[in-house]
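# Structural overview
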Amino acid sequence: MQTAPEDTQRAIANTITLLQQIQEQGVTAAEVATAKRSITSQYPVTLAHPDNLAQTILDNQVYGLTPDELREFVRHIETVSVKQVNQAAKELLHPDNLVIVTAGSVQD
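Described in the following lines is the structure provided in the data block. These numbers come from a predicted model, not from an experiment.

Cut-off values and rules
- Residues numbered from 1 in each chain as written.
- Predicted model: local features only at pLDDT ≥ 70, side-chain atom pairs only at ≥ 80, totals over all residues.
- Heavy atoms only, no water.
- Helix = DSSP H or I, 4+ residues; strand = E, 2+ residues; numbered from the N terminus.
- Buried < 20%, exposed > 50% of the residue type's maximum accessible area, 1.4 Å probe, protein only.
- Patch = residues over 30% accessible without salt bridge, like charges linked within 9 Å, V, L, I, M, F, W, Y side chains within 5 Å.
- Areas by Shrake-Rupley, 256 points an atom, 1.4 Å probe, with all protein chains shown as cover.
- Salt bridge = Lys/Arg side-chain N within 4 Å of Asp/Glu carboxyl O.
- Axes fitted to C-alpha atoms, helices over the stretch in contact; angles between N-to-C directions.
- Parallel < 35°, antiparallel > 145°, perpendicular 65-115°, else oblique.
- Contact = heavy atoms within 4.5 Å.
- Lys, Arg positive; Asp, Glu negative; His and termini not counted.
- Polar contact = N/O pair within 3.5 Å; in protein donor to acceptor, adjacent residues only side chain to side chain.

Another aspect to go through is the environment of I12. Residue placement: I12 occurs in helix 1 (residues 8–25). By relative accessible area, I12 is classed as buried at 16%. Remark: the alpha-carbon pair of I12 and M1, spanning 11 residues in sequence, is separated by 9.2 Å.

Shown next as structure tokens:
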């Protein structure tokens, strides 16, 4: 994130609080729908640029995905459920075990 130096500590604290809320309470169906819509609408636009297309093909290869993933990605995103997102948040978010890195001026 980017913030003014005088807001750094508050921004970090707010982010940790938000991560804790997501990890403990999960996200709503509306939040998941918004995220899915954002990802699926940006994906074809991103692939329209040759550099991004080449990078995506390379990334898919590195991760062992088939060439069909270029066409299937949007469908995969659309099938993600709120339950899956919340389960992933419970398993993968650890707000009590973060490494926080700042750059620039930090005011306490």
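From this point on, the discussion continues.
This next bit is on a nonpolar patch on the surface. Taken together, the side chains of L58, V62, Y63 and L65 define a hydrophobic patch exposed on the protein surface, amounting to about 440 Å² of accessible area. By secondary structure assignment, the location of L58 is in helix 3 (residues 50–62).

At their nearest, the axes of helix 2 (residues 29–47) and helix 3 sit 7 Å apart, and the two run at 110° to each other. Overall, the two elements helix 2 and helix 3 adopt an arrangement that is roughly perpendicular. Contacts between helix 2 and helix 3 involve Y43, T46 and L47 from the former and N52, L53 and T56 from the latter.

Moving on, we come to the side chain of E69. With respect to the secondary-structure elements, E69 resides in helix 4 (residues 69–78). The side chain of E69 is buried and forms no salt bridge, while R75, the nearest opposite charge, is found at 7.2 Å. At 3.2 Å, the side chain of E69 and the side chain of H76 are in polar contact. Beyond its immediate stretch of four places on either side in the chain, E69 contacts Y43, N60 and H76.

Pairs can form between side chains of opposite charge whenever their charged atoms are close. The tally for this structure, following the rule as stated, stands at three salt bridges. Across the pair D68 and R71 runs a salt bridge, and its minimum N-O distance is 2.7 Å. E72 is the partner of R75 in a salt bridge, and the nearest nitrogen-oxygen pair spans 2.6 Å. A residue pair is termed a helical-turn pair when its members lie 3 or 4 positions apart in one helix, as R75 and E72 do in helix 4 at three residues. Residue classification places R75 among the partly exposed residues on the basis of a relative accessible area of 45%. Residue classification places E72 among the partly exposed positions, given a relative accessible area of 27%.

Treat this as a map of the structure, not an account of what it does.
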